[in-house]
Amino acid sequence: MELYLKTNNTASAVALADIPQVDYEALYADLAERMNDSRYHVAHYFATEVEAGLRFYLLLLDDTSAEVLITSFQPDYYSEEGLSSLTALHPAFHPFEREMHELYGIHFNHHPWLKPLRFPHDRRDKNSTMDSYPFYSIEGDELHEVNVGPIHAGIIEPGAFRFICNGEQVLHLEIALGYQHRGVESEMVRNQNRLRQTLIAESIAGDSAIAHTTAYAELIEKLAEYKPDMDLARERVVAIELERIAMHIADTGALATDIGFQLYQVACEALRTMTINTTQAWCGNRFGKSLIRPLGSNHPLTAEKIELIRRNVKEIRRRYNEVRCDILEAPTLLARFEQCGLVPTHEMQRIGGVGMAARSSNLLRDIRATHPSGYYATELHHTPITKRDCDVMSRLATRLDEVLQSADYIEQILADYHPTDNIAKPDYAAPLRGEALSFALVEGWRGEICHVALTDSCGNITKYKVKDPSVHNWLALAIAVRSEGISDFPINNKSFNLSYCGHDL
Amino acid sequence: MLFGKAKILRSHGWQYIPDLKNVTLTEEFRGFPLLSDTDTKDDIERAAAICPTGAISTSPLTLDMGKCLFCGECARCAPRNIRFTNNYRLAATRREDLIVEVGQTEPKFDREAVRPEIAKYFGKALQLREVSAGGDASIEMELGATGNVNFDFGRYGVGFTASPRHADGLVLTGPISRNMAEALDICYHAIAEPKIVVVCGSEAISGGLYAESPAVERSFITKYKVDLWLPGAPTHPLCFIDGITRLREKR
Ligand code: SF4
């Protein structure tokens, strides 16, 4: 029997009946072996209530063949034995197994780190609360602990960080999240108002509103058997690349701020303003909220807007490149960023790192290239940027280059674009396929976003699962700061700039 | 090296907005909504039905900016009833003033509701502690932007501080996740009196999309005196700057 159903990121939704239901032991044996190969990584793994207990779904990505492997299993609900933990072999599974443990009390045998993930309101053990997070501790007269959060010094989201230090050196950092949990996944299925679902998607992570909403829209379109026409697909790519430019510039500035390099800081602040004001001139919102809608758009580009975007992006590219060239020659900056916060390639792969952080550790994870959909699949052949040094500077250097690349893409896409009136108005009521599983993979500026939905026989969405790249990458930050001075934590943190709200949901 | 820096400086020139009180945003920006009645109610009923946060009431027609996420969809369903203008001066001193009525042409900012001691103590300098409780990061970034090179709100002595002990007030963002409710409360009490409370963003004002979620705990809003309500999703930096400026003005 086939263990997996094979599909890809451009195919339509799959019928639940077509998804193999396999024996967990067989799946475990297969994954134990298969996941040693870096061409595979896990996109999503979750459980959902069915009549006779729980059904587990797993989505695996094959980066070489662009295939998405889907499977499921349904263990005996009354069995007390638990499941053998995949995390024990492949740490990349840790957030998924922890989530299922937290929600349903499933025991994963030999899981090395079966701790709460986000303290959701519908967790199994209500006695487990934010305040009782079981932090790791080490005994020793020489050691001390540093507690940070949940409220941080700046205007940012909350999360609790605990460092165990030997003098100024960090031995261990543990990050406890969940403070931002507001019930995204359960609100997604509270009712079937798709405008409401779209707005929830926009609020998963405000700095990635365009990317997350694109994932939602593509997921819905697959269920509605709707192929977006080329113009719509093209405009979505312009939007998502603008978002990437804005956030990469913001992070360049933030890294400069943390080492007191004011010139780059203010230059990047101004450039980010210019970028998000361009998005605002397009759709009325600086973060691109309202720009992406299922089955259409409320803000199709006009000749004037195309002209404006091209002009601004060209200027942003020119000015950012000046900053970029100067950064690459600034010894005081390089001295702080080079060889700091290392996450070696194999380590990044083991923990399932994705996105620009993975690429900065020379691990090619980029949905635009490996599992492209829409315009990326047909027109724009993306060449991912990777860096070899695996340090803070690499993560900055990836941004430095990606801003220019995204700007070039936008220019290339818009140069010969003469919009017609083809783009439809959004449709919030198109009938959706029943008894189906639909997923969408989108490369946001942080990395791989994966949304999965299940429908009932009437085409109502009954389960909605969101995965922000931060779910994988928070562990990379914890690894990066090991053995660094604690004073280098801020630059490491900024070099990843992970999402709290995208993680906590 | 120096040449590179000189180039960056020359390329950027002056970036700050000279007069923060007279900025006009792009026509696309959705700010204060204008409402009008029509004979038939069909359009507006459709708009009310699709509004994801229940911000619209039909009889009589009102739109609650404290619930509105400014998605603009209602204005597409009922263009004769609702039109969003680019007026970003949305601040209110009383929660009920955020409910816009038919024929209203300006947001209501009730000076009478401003405590006189605010101008007295905070008129020259105001340091704020921001607490995000389920905010989606866009609003936190907008608050950060108020101090950036373009807006430079710091020139009026307003800024954000790390410790609540150094703060004159609290700025709340997010629908108040249950897991943050206690930390928020502790932070509030750590700020010395007299202090102000600013509730920033529609999600914070009403809970927004998460108003009915079991994962939020919103008693903070009713427990403490709120001095300023700032709608938006996210609140535009200029809305924040305008609201805080008017709150501190001497009467
Ligand atoms: S713009 Fe505001 S009132 Fe209108 S539908 Fe959107 S959230 Fe509702």
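Our subject is the structure listed above.
Reading the values: rules and limits
- Residues numbered from 1 in each chain as written.
- Chains lettered and ligands numbered in written order.
- Predicted model: local features only at pLDDT ≥ 70, side-chain atom pairs only at ≥ 80, totals over all residues.
- Heavy atoms only, no water.
- Helix = DSSP H or I, 4+ residues; strand = E, 2+ residues; numbered from the N terminus.
- Rg over C-alpha atoms; globule rule 2.2 N^0.38 Å.
- Buried < 20%, exposed > 50% of the residue type's maximum accessible area, 1.4 Å probe, protein only.
- Areas by Shrake-Rupley, 256 points an atom, 1.4 Å probe, with all protein chains shown as cover.
- Lys, Arg positive; Asp, Glu negative; His and termini not counted.
- Charge placed at Lys NZ, Arg CZ, Asp CG, Glu CD.
- Contact = heavy atoms within 4.5 Å.
- Buried area = accessible area lost by both parts, 1.4 Å probe.
- Salt bridge = Lys/Arg side-chain N within 4 Å of Asp/Glu carboxyl O.
- Polar contact = N/O pair within 3.5 Å; in protein donor to acceptor, adjacent residues only side chain to side chain.
- Nonpolar A, V, L, I, M, F, W, Y, C, P; charged D, E, K, R; others polar.
- Axes fitted to C-alpha atoms, helices over the stretch in contact; angles between N-to-C directions.
- Parallel < 35°, antiparallel > 145°, perpendicular 65-115°, else oblique.
- Near = heavy atom within 4 Å.
- Disulfide = S-S within 2.5 Å.
- Pairing = 2+ DSSP bridges.

## Focus on the overall build of chain B
- The helix and strand inventory of chain B stands at nine helices and 10 strands.
- Rg of the C-alpha trace for chain B: 19 Å, near the compact-globule value of 18 Å for 251 residues, within the 12% margin.
- By the burial criterion, 62% of the 251 residues in chain B qualify as buried.
- When the accessible area of chain B is evaluated, it comes to approximately 10300 Å², of which 53% is carbon and sulfur surface.
- Within chain B, the 32 negative side-chain charges are centred at a point lying 7 Å from the centre of the 31 positive side-chain charges.

## Some remarks on the interface of chain B and chain A
- Taken together, the contacts link 64 residues of chain B with 69 residues of chain A.
- Of the roughly 5200 Å² buried at the junction of chain B and chain A (both faces included), carbon and sulfur atoms supply 58%.
- Our count for the chain B to chain A interface comes out at five salt bridges.
- Residue E28 of chain B pairs with K305 of chain A through a salt bridge whose shortest N-O separation is 2.9 Å.
- One can count 30 residue pairs in polar contact (both at pLDDT 80 or more) joining chain B with chain A.
- Sorting the residues of the side of chain B that touches chain A by element identifies α1 (2-12), α2 (42-50), α3 (73-77), β6 (126-132), α5 (138-145) and α6 (178-190) of chain B as the ones contributing at least two each.
- For the side of chain B that touches chain A, a count of residues per class yields 33 nonpolar, 17 polar and 14 charged.

## Section: the packing of helix α6 (residues 230-258) of chain A against helix α16 (residues 489-496) of chain A
Residues and elements named next belong to chain A.
- Contact geometry for α6 and α16: axes closest at 9 Å, N-to-C directions at 180 degrees. Judged by the angle between their axes, α6 and α16 are roughly antiparallel. Counting all contacts with α6, which are made through D251, A254, L255 and D258, the residues of α16 involved are P490, I491, K494 and S495.
- Grouping the constituent residues of the contact of α6 with α16 by class yields four nonpolar, one polar and three charged.

## A short note on the site of the ligand
- In the vicinity of the ligand, the residues found are C51, A55, I56, L63, C68, L69, F70, C71, G72, C74 and F84 of chain B.
- When grouped by side-chain class, the residues that make up the shell around the ligand number 10 nonpolar, one polar and no charged.

## Description of the state of the cysteines
- One pass over the full model with this rule turns up zero disulfides over all chains.
- Cysteine C390 of chain A shares no disulfide, and the gap to the nearest cysteine sulfur, in C340 of chain A, comes to 13 Å.
- You can see C200 of chain B has no disulfide; the closest cysteine sulfur is in C239 of chain B, sitting 7.2 Å from it.

## Section: the sheet that holds strand β11 (residues 169-176) of chain A
All names here are of chain A.
- The three strands are arranged β9-β10-β11 in an open sheet whose pairing can be described as antiparallel. The open sheet has two edge strands with one neighbour each: β9 (143-148) and β11. Put simply, the sheet's adjacent strands are angled 20 degrees from each other on average, direction ignored.
- Of the pairings in the sheet, the one linking β9 to strand β10 (residues 160-166) comprises six bridges and is antiparallel in character. Bridging across to β10, V146 finds its partner in F163.

In short, shape yes, function no, at least from these values alone.
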